[in-house]
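As a plain string of letters, each chain reads:
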Amino acid sequence: MREIALREALREAMNEEMRRDDRVFLMGEEVAEYNGAYKVSQGMLAEFGEKRVIDTPIAELGFAGIAVGAAMNGLRPICEFMTFNFSLVAIDQVINSAAKINSMSNGQYTCPIVFRGPTGSAGQLAQQHSQNFENWYANTPGLKVIVPSTPADAKGLLKSAIRDENPVIFMESEQMYGFKGMVPSEEYLIPIGKAEVVVSGSDATLVSFGKMMLICHEAVVELAKEGISIDLIDLRTIRPIDYDTVIASVKKTNRLVIVEEAWPLASISSEISHIVQRRAFDFLDAPIHRITTQDTTLPYGAIFVETFLPNVKQIIEAVKSVLYRP
């Protein structure tokens, strides 16, 4: 085990898979000469050359289409969006080509492609650069959607995503590229679609993913000081969602709080709430509580950023509310 940053874990995953399989290549804006906008692909051009680490024009729809065509013809592209806000320019290729080609061709074509890049707010970047579209992509049959919260998960899940025969949306929290964590030295894979119980407790279940896991950890520590024991679950994958792990936890704690960095309408927390009340209603001792971002676009001002995002205080209050504690 050694401690590395999230960007290094992602780079290791891509390097290892490109060395293992010469069909894998990386393309996107500034991934080669500039070493990546967030330095995730640093040094990769020098090792793999310009045919496998490819700088593209600022034309997401175009290079996403090229990546889809390459995947259909036997290659395994990693298509980087500088931010998933810009994936909206390419969403036709993601939704109408990558996600559907296997079904439309009656299985004659697969599309083993990874669309990856940063997601979510990153401070004062204003309305067009501070959005979460995980639930948008998770709504699409044919796609898998991954949002890791630790360097170890990022590496193991990205390697699994690159090897998967389906198109995978791999979303990295923009503020976490420098976040460090312990990563195994040996090669490993993490299965797609399996959540992790990162803290075991008995009083309430707390579910989240991505960088919201950081504030959930803070809340769990503060709640423990008051004698409140939390089962903390990191979904890791939000299509498919590991409902079984969540249900098992709710049956143990009888209370559920969900935290998500996204707008409230038609969110991942909405879906989890529905499934839990369908499958574990009789085990609930309190209504499900969810915390999302505010139902508005994110203005530039720092005070708005602080108000917009879920925070530790909200989580603590939500947990106490489902426990009926003041």
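The structure we're discussing is the one just above.
Note that the coordinates shown come from a computational prediction; the quantities given were computed from them, not determined experimentally. (Residues numbered from 1 in each chain as written. Predicted model: local features only at pLDDT ≥ 70, side-chain atom pairs only at ≥ 80, totals over all residues. Heavy atoms only, no water.)

Asks: With reference to specific residues and values, describe the overall build of the protein.
Replies: Helices and strands together make up the secondary structure of the protein, namely 12 helices and 14 strands. Against the globule reference of 20 Å for 326 residues, the protein gives a C-alpha radius of gyration of 20 Å, in line with a compact fold. Residues classed as buried in the protein amount to 56% of the 326 residues present. For the protein, restricting intrachain contacts to residue pairs at least 6 apart in sequence, the fraction spanning at least 24 positions comes to 80%. Counting 31 positive and 41 negative side-chain charges, the protein places the averaged centre of each group 4 Å from the other. (Helix = DSSP H or I, 4+ residues; strand = E, 2+ residues; numbered from the N terminus. Rg over C-alpha atoms; globule rule 2.2 N^0.38 Å. Buried < 20%, exposed > 50% of the residue type's maximum accessible area, 1.4 Å probe, protein only. Contact = heavy atoms within 4.5 Å. Lys, Arg positive; Asp, Glu negative; His and termini not counted. Charge placed at Lys NZ, Arg CZ, Asp CG, Glu CD.)

Asks: Tell me about the nonpolar core, and name the residues and values.
Replies: If you look at the biggest cluster of nonpolar residues, it comprises 45 residues, and the most contacted ones within it are F115, Y137, L235 and I272. Of all the elements in the fold, those that place two or more residues in this core are β2 (24–28), α3 (60–72), α4 (91–98), α6 (134–138), β7 (168–173), α9 (243–253), β13 (256–259) and α10 (268–279). With 6 residues, α3 is the largest single contributor of residues to this core. V31, I146, A161 and M176 belong to the second-largest nonpolar core, a separate cluster that totals 32 residues. (Core = buried A, V, L, I, M, F, W, Y, C linked by side-chain atoms within 4.5 Å.)

Asks: Mind laying out the sheet that holds β13, listing which residues take part and the relevant values?
Replies: With mixed pairing, the 5 strands of this open sheet are ordered in space as β9-β11-β10-β13-β14. Edge positions in the sheet fall to β9 (196–199) and β14 (289–291), since each of these pairs with one other strand and no more. The sheet shows a mean angle of 25° between the axes of neighbouring strands, direction not considered. Relative to β14, β13 runs parallel, the two being bridged by 3 bridges. In the strand pairing of β14, V257 is matched with H289. Strands in contact with α9 are β9, β10 (204–208), β11 (230–234) and β13; relative to β11, the strand with the most contacts, it is inclined by about 175°. (Pairing = 2+ DSSP bridges. Axes fitted to C-alpha atoms, helices over the stretch in contact; angles between N-to-C directions.)

Asks: Break down the packing of α9 against α10 for me, citing the residues and quoting the values.
Replies: Following both chains from N to C, one finds α9 and α10 inclined at 60°, their axes separated by 10 Å at the closest point. Here α9 is positioned oblique relative to α10, judged by the angle of their axes. Judged by the twist between their axes, the crossing of α9 over α10 is right-handed. Packed against α9, whose contacting residues are Y243, D244, V246, I247, V250 and K251, the element α10 presents E271, I272, I275, V276 and R279 at the interface. Here the residues of the contact of α9 with α10 sort into 7 nonpolar, no polar and 4 charged. (Parallel < 35°, antiparallel > 145°, perpendicular 65-115°, else oblique. Left-handed = near helix turned anticlockwise from the far one by under 90°. Nonpolar A, V, L, I, M, F, W, Y, C, P; charged D, E, K, R; others polar.)

Asks: So what's going on with the environment of V305? Residues and values would help.
Replies: Turning to its location among the elements, V305 is positioned in helix α11 (residues 302–308). As a C-alpha pair, V305 and L125 span 180 residues in sequence and 9.5 Å in three-dimensional space. When sequence neighbours within four positions are dropped, the list of residues in contact with V305 reads G123, Q124, L298, P299 and Y300.

Asks: Talk me through the sheet that holds strand β3 (residues 53–55); I want residue IDs and the actual numbers.
Replies: Taken in spatial order, the 7 strands make up an open sheet running β3-β2-β4-β5-β7-β6-β12, and their pairing is mixed. The open sheet terminates on both sides in strands that have one partner only, identified here as β3 and β12 (237–239). On average, adjacent strands in this sheet sit at an angle of 20° to one another, irrespective of strand direction. Where β2 meets β3, 3 bridges bridge the pair, whose relative direction is parallel. Paired with M27 across the strands is I54, a residue of β3. Contacting β2, β4 (76–80) and β5 (114–119), α3 runs over the sheet at an angle of about 165° to β4.

Asks: Explain the pattern of salt bridges to me, using residue names and the numbers behind them.
Replies: Pairs can form between side chains of opposite charge whenever their charged atoms are close. Under the criterion given, the structure shown has 23 salt bridges. For the salt bridge of R20 with E17, the shortest nitrogen-to-oxygen distance reads 3.0 Å. Of this pair, R20 and E17 both sit in helix α1 (residues 6–20), separated by 3 residues, roughly a single helical turn. By relative accessible area, which is 0% here, E17 ends up buried. Measuring nitrogen to oxygen at the nearest pair gives 2.7 Å for the salt bridge that ties K159 to E17. (Salt bridge = Lys/Arg side-chain N within 4 Å of Asp/Glu carboxyl O.)

Asks: Got a sec to walk through a negative patch on the surface? Specific residues and values, please.
Replies: Together, E30, E33, E50 and D55 line one region of the surface with negative charge. Within the element layout of this structure, E33 appears in the loop between β2 and α2 (44–48). (Patch = residues over 30% accessible without salt bridge, like charges linked within 9 Å, V, L, I, M, F, W, Y side chains within 5 Å. Areas by Shrake-Rupley, 256 points an atom, 1.4 Å probe, with all protein chains shown as cover.)

From the geometry alone we can't say anything about function, so treat these as descriptive.
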